[in-house]
Amino acid sequence: MSERLRQFGRRSKRAALRTLAGGLPALCAAGAAHADPPYPPFLIDAEPSVFDLGQLEPKAQLKGTLSLGGVRTTGSSSNTSGNGKFELKYRYARWHNRLKLSALYGSQDGNTTARRYAGSDTLRYYLTSRRFLFTNLAGLQDRFAGYDYQFSETAGYGWRVLHGGPQGLDLEVGAGLAQTQEVDGPRRNAGVARIAAHYRYRLSDHSKFSQTVEMFADHNTYTQAVTSLDVSVYGNIGLQLSYTVTHNTQTPSGVPKTTTITSVNLLYGF
């Protein structure tokens, strides 16, 4: 009887090993089928979603995008326009930095009709995976909007309302200082309040929608809303369709308070 029990036990072990060996490839294939696809760099947001704030050896991450677009027309009139954008994101442990630069130029029949330069740098320090402190430096030169320059230095508090999955929403509230110089007008130094919101939605493996709204309020309330759609074409190359609305509550006489920019750019992500 004992010999039969031992033989039965050996047969059961061999059957279990054959079942396990046959099931492992299927499990590995199922895991690979459900793995996240390798998104192009410009479709990946560098905001941390779930990460270990107590990690002893965090790994730095650097991502960026460069987009360029231009139009040249001739005939009854000669028109030239061009724009470029550069964005660089750096993340290390609790720190996350985002640098943005943009330029716009336009001319008609040899006369400049638009010249705009803008830049900002936002540094975040995450207290938790959802809450953070931030500093923001921003500058804008747009004489056609009535200002030689607009600078601001603000700091404040932010939180991630949505994170994880295809959607994300970040809010920031802060205050600081602002320096403005109107065209043929006075130079002003004053306190300023800043409110910002950044929403993003990954539509598919190859497309992403985002919208950023910023408001700076002192004697003049400056608001800018940027809506964009990024689509991957091949590898690191993509297309970006963007629409920018800028509004100033106080402008010199004869200068419109609201301006818009619509652009279609070639995008490169790294």
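Our subject is the structure listed above.
Here the structure is a predicted model, which is why all the values come from computation and not from measurement.

Rules behind the numbers
Residues numbered from 1 in each chain as written. Predicted model: local features only at pLDDT ≥ 70, side-chain atom pairs only at ≥ 80, totals over all residues. Heavy atoms only, no water. Helix = DSSP H or I, 4+ residues; strand = E, 2+ residues; numbered from the N terminus. Contact = heavy atoms within 4.5 Å. Areas by Shrake-Rupley, 256 points an atom, 1.4 Å probe, with all protein chains shown as cover. Buried < 20%, exposed > 50% of the residue type's maximum accessible area, 1.4 Å probe, protein only. Polar contact = N/O pair within 3.5 Å; in protein donor to acceptor, adjacent residues only side chain to side chain. Patch = residues over 30% accessible without salt bridge, like charges linked within 9 Å, V, L, I, M, F, W, Y side chains within 5 Å. Salt bridge = Lys/Arg side-chain N within 4 Å of Asp/Glu carboxyl O. Core = buried A, V, L, I, M, F, W, Y, C linked by side-chain atoms within 4.5 Å.

Chemist: Describe the overall build of the chain, with residues and values.
Modeler: When you go through the chain residue by residue, the secondary structure sums to one helix and twelve strands. Secondary structure elements of the chain, listed N to C terminal, follow the sequence α-β-β-β-β-β-β-β-β-β-β-β-β. Pairs at least 24 apart in sequence give 51% of the contacts found in the chain among residues at least 6 apart. As displayed, the chain offers around 15,600 Å² of accessible surface, 61% of which is attributable to carbon and sulfur atoms.

Chemist: Go over the environment of Gly-106, please, and point to the residues and values.
Modeler: Looking at the element boundaries, Gly-106 is found in strand β3 (residues 95-108). For Gly-106, a relative accessible area of 5% corresponds to the buried category. In this structure the C-alpha to C-alpha distance between Gly-106 and Val-71, which are 35 residues apart in sequence, comes to 9.2 Å.

Chemist: So what's going on with the environment of Ser-263? Residues and values would help.
Modeler: Examined against the element boundaries, Ser-263 turns out to sit in strand β12 (residues 258-269). In this structure, the C-alpha to C-alpha distance between Ser-263 and Thr-244, residues 19 residues apart in sequence, is 8.7 Å. When neighbours within four sequence positions are excluded, Ser-263 is seen to be in contact with Asn-83, Lys-85, Gln-240, Leu-241 and Ser-242. Separated by 2.7 Å, the side chains of Ser-263 and Ser-242 make a polar contact.

Chemist: Can you tell me about a nonpolar patch on the surface, naming the residues and giving the values?
Modeler: A contiguous nonpolar patch, built from Leu-66, Leu-68, Val-233, Tyr-234, Ile-237, Leu-239, Leu-266, Tyr-268 and Phe-270 and spanning about 890 Å² of accessible area, is present on the exposed surface. Mapped by element, the contributors of at least two residues to the nonpolar patch are β1 (61-73), β10 (221-234), β11 (237-248) and β12. Locating Val-233 in the fold gives a position in strand β10. Judged by its relative accessible area of 54%, Val-233 falls in the exposed class.

Chemist: Hey, could you go over the pattern of salt bridges for me, with residue numbers and the actual values?
Modeler: If you walk through the whole model with that rule in mind, you get nine salt bridges. For Arg-124, the salt bridge goes to Asp-170, with nearest N and O atoms at 3.1 Å. Of this pair, Arg-124 sits in strand β4 (residues 111-126) while Asp-170 sits in strand β7 (residues 167-182), placing them 46 residues apart in sequence. Side by side, Arg-124 and Asp-170 carry an identical accessibility label, which is buried. Linking Glu-172 and Arg-194 is a salt bridge whose minimum nitrogen-to-oxygen distance equals 2.7 Å. Here Glu-172, found in strand β7, pairs with Arg-194, found in strand β8 (residues 187-204); they are 22 residues apart in sequence, far enough to count as distant. For the pair formed by Glu-172 and Arg-194, the shared burial category is buried.

Chemist: Explain the nonpolar core to me, using residue names and the numbers behind them.
Modeler: Counting six residues, the largest nonpolar core is built from Ala-138, Leu-140, Ala-178, Val-192, Phe-216 and Tyr-222. Excluding anything up to four places from it in sequence, Ala-178 contacts Phe-151, Ser-152, Arg-188, Asn-189, Ala-190, Val-192 and Asp-218.

Chemist: How would you explain the side chain of Gln-179 if you had to name every residue and give the values?
Modeler: Within the element layout of this structure, Gln-179 appears in strand β7. Classification of Gln-179 as buried rests on a relative accessible area of 16%. Polar contacts involving the side chain of Gln-179 include one to the side chain of Glu-153, which spans 3.1 Å. Not counting the four nearest positions on each side in its chain, Gln-179 is found in contact with Tyr-149, Gln-150, Phe-151, Ser-152, Glu-153, Arg-187, Arg-188 and Asn-189.

Chemist: Help me get a handle on the side chain of Glu-87, residues and values and all.
Modeler: Inspection of the secondary structure assignment puts Glu-87 in strand β2 (residues 79-92). We classify Glu-87 as buried; its relative accessible area is 18%. A polar side-chain atom of Glu-87 sits 2.9 Å from a polar atom in the side chain of Arg-98. Once you skip the residues sitting within four places of it in the chain, Glu-87 turns out to touch Lys-63, Gly-64, Thr-65, Arg-98, Leu-99 and Lys-100.

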